[in-house]
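# Report on the structure
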Amino acid sequence: MGTGEQAEVDPAIVIEACHALGFVLAGVAPAEPTRWRQQFLDWLAAGKHGEMGYMTEHLAERLDVRALVPGAQSVIVVADQYAEAGDQDGEVAADAGRGVVARYARGRDYHAVIRKRVWALVDALRERFPGEAFRPFVDTGPAMEREHAVRAGMVAMGSGAGVGGVGGFVGKHTLYIHPAVGSFVLLGGVATTMRFRLGGPSIADTDRCGTCTRCIDACPTAAITEYSVDARRCVSYLTLEHRGVIDDSLHAGIGDRLLGCDVCQDVCPYNQRNDSRHGTHARVHPAYLDPEGQHGTLDLIEILRAKDDAAARQRLLEGSAGKRASMAMLKRNAIVVAGNRIAAGGGAGGGDGAELVQEIRRIAADESEHAMVRETAKQVMSAMG
Ligand code: SF4
Ligand code: SF4
């Protein structure tokens, strides 16, 4: 089948194949340029992507998926669910000597998990539709995957709904939300020259947030304005992506969050259990589960005393998505969390966090520590007075 006069394929065939591969959501969107070109360029021009340089790369492909695959007609979009909607067990309470790891940084490296199966999908499609071009992507790839997901009208596994009948939208916190599954999802997809029989308008323009502002109100660093997040203020970005010293004005907002932040998703009504809008199809792919719970919280003293080497990082973060953080970043974050613990009057080594104070003092004076880590220790000591 060539790209010239190829027949239109029933999207249900591909959606079923995606569900068989374990993707909780799947859909097909027409390959169209982004509607958010100017907003995206303005966001970049304002520097709100922080140090995520990859956002400025492959800009032409990001703005128009047809530059990613010449002659692209469609985008197949898939999603894995990495945490249960309204999973209260996921809200670990850190004891005084530990820092909290966000849900997506706990289980296995999620990029590796979703990438492997998106590539398997492409292999299956190549075999079934020879002559067509396919280009897979996952969420850091050069595609506006959230917009494609909205356009695709994603169908939840087992829902039996008609194609395009379920939908999805981008919330005020800028994350993709599926009404039946919530927002704890990872997106991937395939741009392709295949043509599908797609009915109806390509974009459901429904703003399902309505008057809700829970995520904006709850964000600990005021990073969210409606439909825009300033990454430079976002705790997820600061703890997992930012490679320098964290401005001390943002330390308090980090609270006890050591790696990542779930606040804007935790408060969202679409992630509440027993909400009548949720179907029964929410399903976490087993590869994301963290059966022993070893990454839900991490011991602050253990991190502060760890050497800045690969063995320590391996021990603390082995195999988890948190390994995006370097050991120096993890130590930096642990010092900030420890400072917040001490300011709150608690922490390891007694009610006043004496052991944490002692470690922070040592790090500030220890020339063998990473410069950023020492600088962070000095910031926290100066805040302690
Ligand atoms: S992840 Fe946390 S810090 Fe970032 S926007 Fe959401 S609530 Fe705010
Ligand atoms: S918390 Fe409310 S405003 Fe924020 S994404 Fe969810 S529904 Fe939208």
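Everything in this summary refers to the structure shown in the same document. In this convention, every chain numbers its residues from 1, walking through the sequence in written order. Chains carry letters from A onward and ligands carry numbers from 1 onward, assigned in written order. pLDDT decides what is reported in this predicted model: residues at 70 or higher carry local features, side-chain atom pairs at 80 or more are listed and counted, and totals for whole chains, interfaces and linings draw on all residues regardless.

### Things to note about the site of ligand 1
- Whether a residue is near a molecule or strand depends on its C-beta atom, placed from the backbone, lying within 6 Å of it. The environment of ligand 1 is made up of 13 residues, and the closest members are Cys219, Cys234, Cys261, Val263 and Cys264.
- Secondary structure elements are taken from DSSP: a helix is a run of H or I of four residues or more, a strand is a run of E of two residues or more, and numbering for both begins at the N terminus. Looking at the shell around ligand 1, the elements that each hand over two or more residues are α7 (235-240) and α9 (263-266).
- Residue classes in the shell around ligand 1 are distributed as 10 nonpolar, three polar and no charged. Side-chain classes are defined by residue name, with Ala, Val, Leu, Ile, Met, Phe, Trp, Tyr, Cys and Pro counting as nonpolar, Asp, Glu, Lys and Arg as charged, and the others, Gly among them, as polar.

### Thoughts on unusual backbone geometry
- In the Ramachandran plot, Thr174 falls in the positive-phi region, its phi being about 75° despite a non-glycine side chain.
- Considering the arrangement of structural elements, one finds Thr174 in the loop between β6 (169-170) and β7 (176-177).
- Look at Thr174 and you get partly exposed, because 18 C-beta atoms sit within 10 Å.
- Even without being a glycine, Ala222 presents a positive backbone phi close to 50°.
- Looking at the secondary structure, you find Ala222 in the loop between α6 (214-218) and β9 (224-225). Counting other C-beta atoms within 10 Å of each residue's C-beta, where C-beta atoms are placed from the backbone, gives the exposure class: buried for 20 or more, exposed for 12 or fewer, partly exposed between.

### As for the sheet that holds strand β3 (residues 98-101)
- Here, any two strands with at least 2 DSSP bridges between them count as paired. Spatially, the three strands line up as an open sheet ordered β11-β3-β12, and their pairing is mixed. Two strands close off the open sheet at either side, each with one partner strand: β11 (257-259) and β12 (297-299). Averaged over neighbouring strand pairs, the angle between their axes works out to 45° when direction is ignored.
- In this structure, β3 lies alongside β12, joined through three bridges in antiparallel fashion. Following the sheet pairing, Arg98 is matched in β12 by Asp299. The axes are straight lines fitted to the C-alpha atoms, using for helices just the contacting stretch, and the angles between their N-to-C directions are given from 0 to 180°.

### Some thoughts on the sheet that holds strand β2 (residues 74-81)
- The strand order across the open sheet built from five strands is β4-β8-β2-β1-β5, with neighbouring strands paired in antiparallel fashion. Whereas interior strands pair on both sides, the edge strands pair on one side only; in this sheet they are β4 (134-138) and β5 (155-156).
- By the bridge criterion, five bridges tie β4 to strand β8 (residues 185-192) in an arrangement that is antiparallel. Bridge assignment links Arg135 to a residue of β8, and that residue is Ala191.
- Contact between residues is assigned whenever the C-beta positions, reconstructed from backbone atoms, fall within 7 Å. Running over the sheet, helix α1 (residues 11-20) touches β1 (25-30), β2 and β5 and is turned about 145° from β1.
- Set on the sheet, helix α4 (residues 110-128) makes contact with β2, β4 and β8; between it and β4 the angle comes to about 165°.

### Details of the site of ligand 2
- Neighbouring ligand 2 are the residues Gly171, Lys172, His173, Cys209, Cys212, Thr213, Arg214, Cys215, Val267, Cys268, Pro269 and Tyr270.
- Among the residues forming the shell around ligand 2, the class breakdown is seven nonpolar, three polar and two charged.
- Residue-level mapping places the shell around ligand 2 at the junction of two domains, with at least three residues from each of domain 1 (11-84 + 102-192) and domain 2 (214-273 + 292-384). Domain segmentation is taken from an automatic or database assignment of domains.

### Considerations on the packing of helix α13 (residues 354-365) against helix α14 (residues 371-384)
- Between α13 and α14, the least distance of the axes is 8 Å, while the angle of their chain directions is 130°. In terms of orientation, α13 lies oblique with respect to α14. The interaxial crossing formed by α13 with α14 has left-handed handedness. Contacts between α13 and α14 involve Ile360, Arg361, Ile363 and Ala364 on the former and, on the latter, Val373, Arg374, Ala377, Lys378, Val380 and Met381.
- The residue inventory of the contact of α13 with α14, partitioned by class, reads seven nonpolar, no polar and three charged. Our angle categories are set so that under 35 degrees counts as roughly parallel, over 145 as roughly antiparallel, 65 to 115 as roughly perpendicular, and the remainder as oblique. In a left-handed crossing the near helix is turned counterclockwise from the far helix by less than a right angle, and in a right-handed crossing that turn is clockwise.

### Digging into helix α11 (residues 310-317)
- Inspection of α11 places Arg313, Leu316 and Leu317 among the buried residues, and these make up the whole buried set. Taken around the axis of α11, the buried residues stretch over an arc of 75°, which confines them to a single face. Those residues of α11 that are exposed and aimed more than 90 degrees away from the buried face are Ala311, Gln314 and Arg315.
- The inward-facing, buried residues of α11 contact β12, α10 (300-305) and α12 (327-343). Each C-beta atom gives one direction from the helix axis, and the arc is the one those directions make.

### A look at the pairing of β3
- Every second residue of β3 is oriented toward a common face, with Arg98 and Val100 on one face and Gly99 and Val101 on the other, all of them buried.
- Strand direction decides the pairing type here: β3 and β11, joined by two bridges, are parallel. What sits directly across from Val100, in β11, is Arg257.

### Re the environment of Ile342
- On the secondary structure map, Ile342 appears in helix α12.
- For the pair formed by Ile342 and Ala96, sequence separation is 246 residues and the distance between their alpha carbons is 9.3 Å.

### A look at the packing of α12 against α13
- Interhelical geometry of α12 versus α13 gives an angle of 140° and a closest axis separation of 10 Å. As summarised for this structure, α12 and α13 are arranged oblique, according to the angle between their axes. In the crossing of α12 with α13, the sense of the turn from one axis to the other is left-handed. For the pair α12 and α13, contact is made by Ile335, Ala338, Arg341 and Ile342 and by Leu356, Val357, Ile360 and Ile363, respectively.
- The residue makeup of the contact of α12 with α13, split by class, is seven nonpolar, no polar and one charged.

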